[in-house]
Amino acid sequence: MSDTLPPLRDVLAKHGLRADKKLGQHFLLDLNLTGRIARVAGDLTKGTTIEIGPGPGGLTRSLLAAGATVVAVERDERCLPIMAEIGEAYKGKFSVVMGDALKVDLREIAPSPRRIVANLPYNVGTDLLLNWLNYATAFESMTLMFQLEVGDRIAAPPGSKTYGRLSVLAQWLCNVEPQFRIGPQAFTPPPQVESIVIKLIPLPAPRFEADQKTLESVTAAAFGQRRKMLRQSLKTLAIDAGFADGTALCEIVGIDPQERAENLSVEQFCALAREIAR
Ligand code: SAM
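Residues numbered from 1 in each chain as written. Predicted model: local features only at pLDDT ≥ 70, side-chain atom pairs only at ≥ 80, totals over all residues. Heavy atoms only, no water.

**Remarks on helix H1 (residues 8-15)**
Among the residues of H1, Leu8, Val11 and Leu12 are the ones counted as buried. Buried residues of H1 fall within an arc of 100 degrees about the axis and therefore sit on the same side. The outward face of H1, more than 90 degrees from its buried face, is lined by the exposed residues Arg9, Ala13 and Lys14. Remark: glycine 16 follows H1 within two positions and exhibits a positive phi of approximately 60 degrees. (Buried < 20%, exposed > 50% of the residue type's maximum accessible area, 1.4 Å probe, protein only. Helix = DSSP H or I, 4+ residues; strand = E, 2+ residues; numbered from the N terminus. Arc of directions from axis to C-beta.)

Have a look at this one:
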């Protein structure tokens, strides 16, 4: 479905909007591509769709054309006149909150059920996701574009080089569904790297029992020294929790103390977190 608004290149020219690197701006000007992202998000006709960083509004327009009610968060005030034109074309279906998405609690700006769909600013993509994972059940889904390297880390299975803290946390709380990659040339200006759209569907409850803060400490310690054996990387945490050493902690949960962080499953990290919090 298309709208009566002008082509995105004309919108950029009319408003003199040039991408600002500091704001991680890489615009998608192909409405077929933004339409594809909107389709991945599923049925948008019910609930609220939150978009971070509408910029020139390509993805926004695809979301609205798919029947979404969109609440956007944008930091760049230069985009305001563009947002106003979109608001005119989709009366009552589009609103914008100006500000830094890192400081906004999305539960306060959009009623439930809510989902996020966004081509994220690359410089803060990981931090935004980590924030939202603190209240993951508030979202029906999160359909997000990341630079490929970050996307790989989110979806990586145990045993892979990119498996790390972000993989454990995201997969503990969500079903992680990588969708499709987009090459640099699709963006204006092109970034250095490929991008990937990932759909995260938060689980009603975490996959395994564990306290989130403790799990974060365990993964931070284990992956902070990822080439070391767990008996070494977990030593301080183990001693602080009353164990003789890292080996004692690993053995009580049936994990080989000589193993390395990248080979532990999400379930095993949760077992360690439960034992430490006990
Ligand atoms: N959605 C547009 C598209 O697909 O063409 C623009 C995507 S661009 C990668 C990222 C957008 O996020 C820009 O519009 C930028 O101004 C905005 N942005 C950057 N940092 C932000 C922040 N901390 N909070 C809210 N928006 C931000």
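**Comments concerning unusual backbone geometry**
Cis geometry is adopted by the peptide bond preceding proline 113, which originates at serine 112 and carries an omega value of -5 degrees. Mapped onto the elements of the fold, proline 113 is located in the loop between strand S4 (94-98) and strand S5 (114-119).

**Quick look at the sheet that holds strand S9 (residues 195-202)**
Overall, mixed pairing links the seven strands, which are arranged S4-S3-S2-S5-S6-S9-S7 in an open sheet. Edge positions in the open sheet fall to S4 and strand S7 (174-182), since each of these has one partner strand only. In this sheet, adjacent strand axes meet at a mean angle of 25 degrees when their direction is disregarded. Sitting on the sheet, helix H2 (residues 31-40) is in contact with S5, strand S6 (142-147), S7 and S9, with an inclination near 165 degrees to S7. (Pairing = 2+ DSSP bridges. Axes fitted to C-alpha atoms, helices over the stretch in contact; angles between N-to-C directions. Contact = heavy atoms within 4.5 Å.)

**Here's the deal with the packing of aromatic side chains**
As enumerated under the stated definition, the model contains three aromatic pairs in all. When the ring of tyrosine 135 is compared with that of phenylalanine 139, the centres are 5.5 Å apart and the planes differ by 40 degrees; the resulting orientation is tilted. For the pair tyrosine 135 and phenylalanine 139, one class covers both residues: buried. Ring geometry for tyrosine 163 and phenylalanine 223: centres 5.8 Å apart, planes at 80 degrees, overall edge-to-face. (Phe/Tyr/Trp six-rings, centres within 6.5 Å; stacked < 30°, edge-to-face > 60°.)

**Observations regarding the site of the ligand**
Around the ligand there are 20 residues in total, and Gln25, Leu28, Gly53, Glu74 and Asp100 lie nearest to it. A distance of 3.4 Å separates a nitrogen atom of the ligand from a polar atom in the side chain of glutamate 51. Residue glutamate 74 places a side-chain N or O atom 2.6 Å away from an oxygen atom belonging to the ligand. Across the complex, the protein chains shield 99% of the 590 Å² of accessible surface that the ligand would expose by itself. For the shell around the ligand, the secondary-structure elements that each account for two or more residues are strand S1 (27-28) and strand S3 (70-74). (Near = heavy atom within 4 Å. Polar contact = N/O pair within 3.5 Å; in protein donor to acceptor, adjacent residues only side chain to side chain. Areas by Shrake-Rupley, 256 points an atom, 1.4 Å probe, with all protein chains shown as cover.)

**Re the nonpolar core**
Soluble globular proteins tend to pack their nonpolar side chains together in the buried interior. If you look at the biggest cluster of nonpolar residues, it comprises 56 residues, and the most contacted ones within it are Ile52, Trp132 and Phe269. Both domains that furnish three or more residues to this core are identified here as domain 1 (8-202) and domain 2 (212-277). Not counting chain neighbours up to four residues away, the residues in contact with phenylalanine 269 comprise Tyr163, Val168, Leu215, Val218, Thr219, Ala222, Phe223, Ala261 and Leu264. If you look at the next biggest cluster of nonpolar residues, it comprises 34 residues, including Leu28, Leu29, Ala72 and Tyr122. (Core = buried A, V, L, I, M, F, W, Y, C linked by side-chain atoms within 4.5 Å. Domains from an automatic or database assignment.)

**Some words on the pattern of salt bridges**
In this structure the tally under the stated criterion is 13 salt bridges. Across the pair arginine 78 and aspartate 76 runs a salt bridge whose closest N-O atoms are separated by 2.7 Å. Between glutamate 275 and arginine 278 there is a salt bridge whose closest N-O contact spans 3.2 Å. (Salt bridge = Lys/Arg side-chain N within 4 Å of Asp/Glu carboxyl O.)

**Considering the state of the cysteines**
In this structure the tally under the stated criterion is zero disulfides. Between cysteine 270, a cysteine without a disulfide, and cysteine 174, which holds the nearest cysteine sulfur, the sulfur-to-sulfur distance is 13 Å. (Disulfide = S-S within 2.5 Å.)

**Description of the environment of glycine 164**
Looking at the secondary structure, you find glycine 164 in the loop between helix H6 (148-155) and helix H7 (165-173). Look past the residues within four positions of glycine 164 in its chain and what remains in contact with it is Phe223 and Arg226.

**Concerning the domain arrangement of the chain**
If you check the domain split of the chain, you get domain 1 (8-202) and domain 2 (212-277). Each of domain 1 and domain 2 was reduced to a C-alpha centroid, and the two centroids are 34 Å apart. Taken together, the 14 residues of domain 1 in the interface contact 15 residues of domain 2. When domain 1 packs against domain 2, the two sides together hide about 1,200 Å² of surface, and 63% of this comes from carbon and sulfur. Broken down residue by residue, the surface that domain 1 buries against domain 2 is led by Tyr163, Arg165 and Trp172, which jointly contribute 46%. (Buried area = accessible area lost by both parts, 1.4 Å probe.)

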